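# Chains, contacts and geometry: an overview
Below are the chains, spelled out letter by letter.
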Number of protein chains: 2
Amino acid sequence: MRSLMQDVPLTLDLVLRRCLETGAHVEVVSVTPAGVVRTTWGDIGRRATALHGVVDGLGVAPGGRVATFAWNTHRHVELFLGVPCAGRVVHGVNVRLTDDEILYQLHNAGDEVLFVDASLTSRLSSCADRLPVREVVVLEDGGTVHEAFANCPRYEDLLDAVPEAEPVPRAEPDDAAWICYTSGTTGRPKGVVSSHLACVLHSLSSMTVDSHAVSREDVLLAATPLFHVNAWGLGYTTALAGAKLVLPGRDASGGALAALIEAERVTVAAAVPTVWVDLLGRASKPYDISTLSRALSGGAPATRALLEDVAGRGLVFHKGWGMTEMLPSGTMQVQRPDSPLGALTAVGKPAAGVRVRLVGPDGAVLPWDGRATGELETSGPWVIRAYLDPDDDSNESRFHDGWLRTGDLAVIHPDATVEIVDRVKDVIKSGGEWISSLALEQALAAHPGVAQVAVVAVPDDKWGERPAAAVVAADGAAPCAAELAEFLAGRVPRWWLPERIEVLDELPLTTVGKCDKKALRARFSSPSRS
Amino acid sequence: MRSLMQDVPLTLDLVLRRCLETGAHVEVVSVTPAGVVRTTWGDIGRRATALHGVVDGLGVAPGGRVATFAWNTHRHVELFLGVPCAGRVVHGVNVRLTDDEILYQLHNAGDEVLFVDASLTSRLSSCADRLPVREVVVLEDGGTVHEAFANCPRYEDLLDAVPEAEPVPRAEPDDAAWICYTSGTTGRPKGVVSSHLACVLHSLSSMTVDSHAVSREDVLLAATPLFHVNAWGLGYTTALAGAKLVLPGRDASGGALAALIEAERVTVAAAVPTVWVDLLGRASKPYDISTLSRALSGGAPATRALLEDVAGRGLVFHKGWGMTEMLPSGTMQVQRPDSPLGALTAVGKPAAGVRVRLVGPDGAVLPWDGRATGELETSGPWVIRAYLDPDDDSNESRFHDGWLRTGDLAVIHPDATVEIVDRVKDVIKSGGEWISSLALEQALAAHPGVAQVAVVAVPDDKWGERPAAAVVAADGAAPCAAELAEFLAGRVPRWWLPERIEVLDELPLTTVGKCDKKALRARFSSPSRS
């Protein structure tokens, strides 16, 4: 028996309509080189609607790809909304990539047109003549346009030329909405293609209490970039919720964010743990950030020091686990300031709509008993079933029986709380046994003199692999390797003790701010070792 | 360009899986004549899975209808989950209907089998030999089985006979999940058929902060019956959220609910305003209800006295507007105890996924300016496009250009807040002008001696219609008609003053606890009037 419900396609048109209707007078604030720009979801909705005329005019075929190279601003948000609603696909390119990586992604995604912030044209000048796109459009953010792009069409001119009109649905729920490349620390980045339906469901789920809990009463600061998993979908989520959105533009440093929190009375902000440490540290001293009540964090584990700092300030901490391959929300731990701090490795329970399971090395599904360790696998309506490139080997190796293999080793407790034990690839295979690099990192992080830590495997003739650790000292501390080794000795099995512990000024970082373990491995494996 | 997301059908199988996985150890507590029954979402999930074998065994064809006649218990919840997941349709029949109304609904829905609480078999004995179903199954709640049903199969026996198995998807997103009849105060009730997809989306939306905000940390008491719009979907919502659910069974009086709040440490409860008044009044005196932090209300407007009482206790009040035709969530006002009380008529902003518009008498769409008054129309993925009966005249009269005509007169403010001004049919047409019965009710309710009030139109030879009011006095008060008329005189236009104001012991109620305006109109139109 069929139902008798209205047939409303679950596409980003729903989000666009929310902008135009319930969000008409809700503010969106952007920091640009030209100053602070104040607009509304209503204006963004109207301009996003007009983008259909713009991409038509640029000759982008239905389903064609459009790249962006931009900071978090209202123009970037409207491209992420308007391009998919125009039946095209938007691809946010990470502005911190090398020329070769940028050219690879544009080529691999088949991008036809590139929208670039004026202030980022200089960055692209070194590869301007090799960009594999038909057209470059400059987003006039007030920055200087590099001469290599002086003759490119201007975004505002193109928008001005489109007559105002009502939005017309042009996409189906299963159509591609955006492409984002994984920022894996090994191998070539892989293209992830989201659908309209996945975006809508992910946004609804992100509005639930046990996820990001975004409400129309919130003022949300999105410090996580749109080119990094669509700013965790928070552009769509704030639009659907009708929440005020604050976009920091180029400067997402702790000080700049703290100033924005004060100026815009931000209630909730989204950033990776390293940015939170910066934001809540010395950088926020001059500012009144007392309107802030919630911290959304993800992308990397938070340290105990950060969690204690957050709790001490009375902030609720949303500690998410996820992947680009799932837009990115997978599980969420909502840590309230008055609740006891659980295990650092705990990442909460699966979001409504997301399923998880544990699979052992032999492919058997393991119980949720808080002890059995296996690779975490996930499925759900916003989890991919394949990567963009049909010839990618990962399309075989990363999927199992319809589930995505996350590459994370985990245990699951009977109450469905997931604890990430390690990365499958970061497990150190030493003498036929496994050493958890994450467990070693946590043991070292418990030392009061340690601010940051990373453990990697280095090749070893006798044992196959052995652990090596890099640490950054806490302010005012100067721990030495011997002291740290002694500290570890009582806390981990004797044979886990790292071959080397080095105190560095800073950890090498990837373009999205995670520790670059490839670089660390190279450092430790170099012949300069003692 | 198609996306590369997993194809996970959006059906109640998602909710069933949540029960079995993340909800495995989360409690569901039911009050039955046999005492308090403690089970878990995991058990409910396993039994709901087995229901496929039960309905197969009963010979119900795929897509066939199965009726229930039951209080809010774990068995009823598992029927609402298991029957749709078995590819059949569940129809909760209101246990307060007359024999004729029950027989009409069973016949109209085409129900093949009826599941009835043992404790409700007596109620059905007067029409036992006329029930138009092939089979009646008794749910053994500890009540006495009436002899007319002594030979019927028992639910637990049927379940026991089904071997345990993994759930198998048997429904598509657009398949019917449940049927509920409208409780309209005029005309025959009309069948509303929800889809699986609509249920899933409605539940996700209900978990958002700006709706019912149901969290896995909640203990939710569902006092609103499953036979009344599926208990506002709260069975599915708590299952999806992984929240503990408390079901009051037969006794949903204020005292019984307050006792349950104390015993189960309930954090959020759902009930209509009249039940809230009862619950927060004298009934709760003996009990510690301090765990309660949120009150979900809907189905009728709340009085200022109730809102003030709720705020005074520090409770958050979720004041919803909705309809059976939209499962039922439409808009939501989340009233926090520290925020100023807005207009009583304000019902908040549309839920994410729901669109609203105002249409004037000439069919023109009106602006959201807080002044223009029109009929509220709505659309969205959980709004119906037709009623069950294809020959129902309402399929013409209640739909307009793809939108559902709600029958409510409203204004919409620029910030998207909806204010319900009146029912279209309750507007009193007097001398070619409109008098709002709702505005009159509110003006009368402001009198300190008035606890409840209802205004209806009565025929008038000269003016066409004139207003008449019935009031129930507040505890200890004894207002007379003249005093109330004088009170009104300064507050409404002179020509709005009711022809008659009568003080009654109680208002006549419909089976779902709303004021029965049909009965009132009959009373006021009878020749006994002075």
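Since the model is a prediction, treat every value here as computed from it, not as a measurement. (Residues numbered from 1 in each chain as written. Chains lettered and ligands numbered in written order. Predicted model: local features only at pLDDT ≥ 70, side-chain atom pairs only at ≥ 80, totals over all residues. Heavy atoms only, no water.)

### A closer look at the interface of chain B and chain A
Listed as interface residues are 70 residues of chain B and, on the opposing side, 70 residues of chain A. When chain B packs against chain A, close to 5800 Å² is buried across both sides, 56% of that on carbon and sulfur atoms. Looking only at chain B, the three residues that lose the most surface to chain A are Met1, Met5 and Gln6 of chain B, adding up to 16% of its buried area. Our enumeration of links across chain B and chain A arrives at seven salt bridges. No other element matches helix α7 (residues 196-206) of chain B, which puts five residues into the side of chain B that touches chain A. Per-class residue counts for the side of chain B that touches chain A are 38 nonpolar, 16 polar and 16 charged. (Contact = heavy atoms within 4.5 Å. Buried area = accessible area lost by both parts, 1.4 Å probe. Salt bridge = Lys/Arg side-chain N within 4 Å of Asp/Glu carboxyl O. Helix = DSSP H or I, 4+ residues; strand = E, 2+ residues; numbered from the N terminus. Nonpolar A, V, L, I, M, F, W, Y, C, P; charged D, E, K, R; others polar.)

### Brief notes about helix α3 (residues 74-85) of chain B
Residues and elements named next belong to chain B. Here α3 is 12 residues long and its end C-alpha atoms lie 16 Å apart, about the 16 Å a rise of 1.5 Å per residue gives. Here α3 has its buried residues at His74, Arg75, His76, Val77, Glu78, Leu79, Phe80, Leu81, Gly82, Val83, Pro84 and Cys85. Positioned one or two residues after α3, Gly87 has a phi angle of 80°, which is positive. (Expected span 1.5 Å × (residues − 1). Buried < 20%, exposed > 50% of the residue type's maximum accessible area, 1.4 Å probe, protein only.)

### Let's talk about the pattern of salt bridges
Enumeration according to the criterion identifies 61 salt bridges over all chains in this entry. Salt-bridge contacts for Asp56 of chain B lead to Arg88 of chain B; the nearest nitrogen and oxygen are separated by 2.6 Å. Highlighted residues: Asp56 of chain B in helix α2 (residues 41-57) and Arg88 of chain B in the loop between α3 and β4 (89-92), separated in sequence by 32 residues. When its relative accessible area of 4% is taken as the criterion, Arg88 of chain B is described as buried. We note a salt bridge from Lys517 of chain B to Glu441 of chain B, for which the minimum N-O separation is 2.7 Å. Of this pair, Lys517 of chain B sits in helix α16 (residues 517-525) while Glu441 of chain B sits in helix α14 (residues 437-445), and the two are 76 residues apart along the sequence. Across the pair, exposure class does not vary: Lys517 of chain B and Glu441 of chain B are buried alike. Put simply, Arg17, Glu21 and Glu166 of chain A together with Arg355 of chain B are held in one network by salt bridges that share partners.

### Considering the state of the cysteines
Taken as a whole, this structure holds zero disulfides over all chains when the rule is applied. You can see Cys152 of chain A has no disulfide; the closest cysteine sulfur is in Cys127 of chain A, sitting 12 Å from it. (Disulfide = S-S within 2.5 Å.)

### Some details on the packing of aromatic side chains
All names here are of chain A. Taken as a whole, this structure holds six aromatic pairs over all chains when the rule is applied. Taking 6.0 Å as the distance between ring centres and 90° as the angle between the ring planes, the aromatic pair formed by Phe115 and Tyr155 counts as edge-to-face. Residue Phe115 is located in strand β5 (residues 111-117), and its partner Tyr155 is located in helix α6 (residues 155-160); the two are separated by 40 residues in the primary sequence. Judged by relative accessible area, Phe115 falls into the buried class, the value being 0%. According to the relative accessible area criterion, Tyr155 is buried, its value standing at 0%. Directly above the aromatic system of Tyr104 lies the positively charged group of Arg188, at a separation of 3.9 Å from the ring centroid. It is Lys190 that lies over the ring of Tyr387; its NZ or CZ is 5.4 Å from the centre. (Phe/Tyr/Trp six-rings, centres within 6.5 Å; stacked < 30°, edge-to-face > 60°. Lys NZ or Arg CZ within 6 Å of the ring centre and 35° of its normal.)

### Focus: the domain arrangement of chain A
Residues and elements named next belong to chain A. Looking at chain A, the domain boundaries give domain 1 (1-22 + 35-206) and domain 2 (426-525). Taking only C-alpha atoms into account, the centre of domain 1 sits 40 Å from that of domain 2. Contacts between the two partners involve six residues from domain 1, matched on the other side by five residues from domain 2. Here domain 1 and domain 2 share an interface that buries about 540 Å² over both sides, 53% of which is from carbon and sulfur atoms. Across the domain 1-domain 2 interface, the total number found is zero salt bridges. Remark: the boundary between domain 1 and domain 2 carries zero residue pairs in polar contact (both at pLDDT 80 or more). Classifying every residue of the side of domain 1 that touches domain 2 by side-chain character gives one nonpolar, four polar and one charged. (Domains from an automatic or database assignment. Polar contact = N/O pair within 3.5 Å; in protein donor to acceptor, adjacent residues only side chain to side chain.)

### Some thoughts on the nonpolar core
Here is a general trend for soluble globular proteins: nonpolar side chains tend to be buried in one another's company. Residues Phe115 and Trp178 of chain A together with Phe115 and Trp178 of chain B are the most contacted members of the largest nonpolar core, which totals 228 residues. Among all residues touching Trp178 of chain A, those that are not within four sequence positions of it are Phe80, Val89, Val90, Val192, Val193, Ser194, Cys199, Val229, Asn230, Tyr236 and Leu327 of chain A. (Core = buried A, V, L, I, M, F, W, Y, C linked by side-chain atoms within 4.5 Å.)

### Overview of the sheet that holds strand β9 (residues 219-222) of chain A
Residues and elements named next belong to chain A. Sheet architecture is open: nine strands sit in the order β2-β1-β10-β9-β11-β12-β13-β14-β15, paired in mixed fashion. The open sheet terminates on both sides in strands that have one partner only, identified here as β2 (35-40) and β15 (349-350). Here strand β11 (residues 268-271) runs beside strand β12 (residues 294-297); their pairing, made up of four bridges, is parallel. Bridge pairing links Ala269 to Ala295 in β12. The strands that helix α2 (residues 41-57) touches are β1 (27-32), β2 and β10 (244-247); relative to β2, the one it contacts most, it runs at about 80°. (Pairing = 2+ DSSP bridges. Axes fitted to C-alpha atoms, helices over the stretch in contact; angles between N-to-C directions.)

### Quick word on the environment of Thr73 of chain B
Mapped onto the elements of the fold, Thr73 of chain B is located in the loop between β3 (65-69) and α3. Judged by relative accessible area, Thr73 of chain B falls into the buried class, the value being 4%.

### Some details on the confidence of the model for chain A
On average, residues of chain A score 93 in pLDDT, and 98% of them reach the 70 mark or higher. Model confidence for the complex is summarised by a pTM of 0.89, with the ipTM given as 0.88. (pLDDT = per-residue confidence, 0-100.)

### Regarding the sheet that holds strand β7 (residues 176-181) of chain A
Residues and elements named next belong to chain A. Reading across the sheet, the six strands line up as β6-β5-β3-β4-β7-β8 and stay open at both edges, with mixed pairing between neighbours. Sheet topology places β6 (135-139) and β8 (191-195) at the edges, where each strand pairs with a single neighbour. The mean inter-strand angle of the sheet, taken between neighbouring strand axes irrespective of direction, is 25°. Pairing of β5 with β6 involves five bridges; the strand directions are parallel. Considered in β6, the bridge of Phe115 is made with Val137. Most of the contacts of helix α7 (residues 196-206) go to β8, to which it runs at about 75°, and overall it touches β7 and β8.

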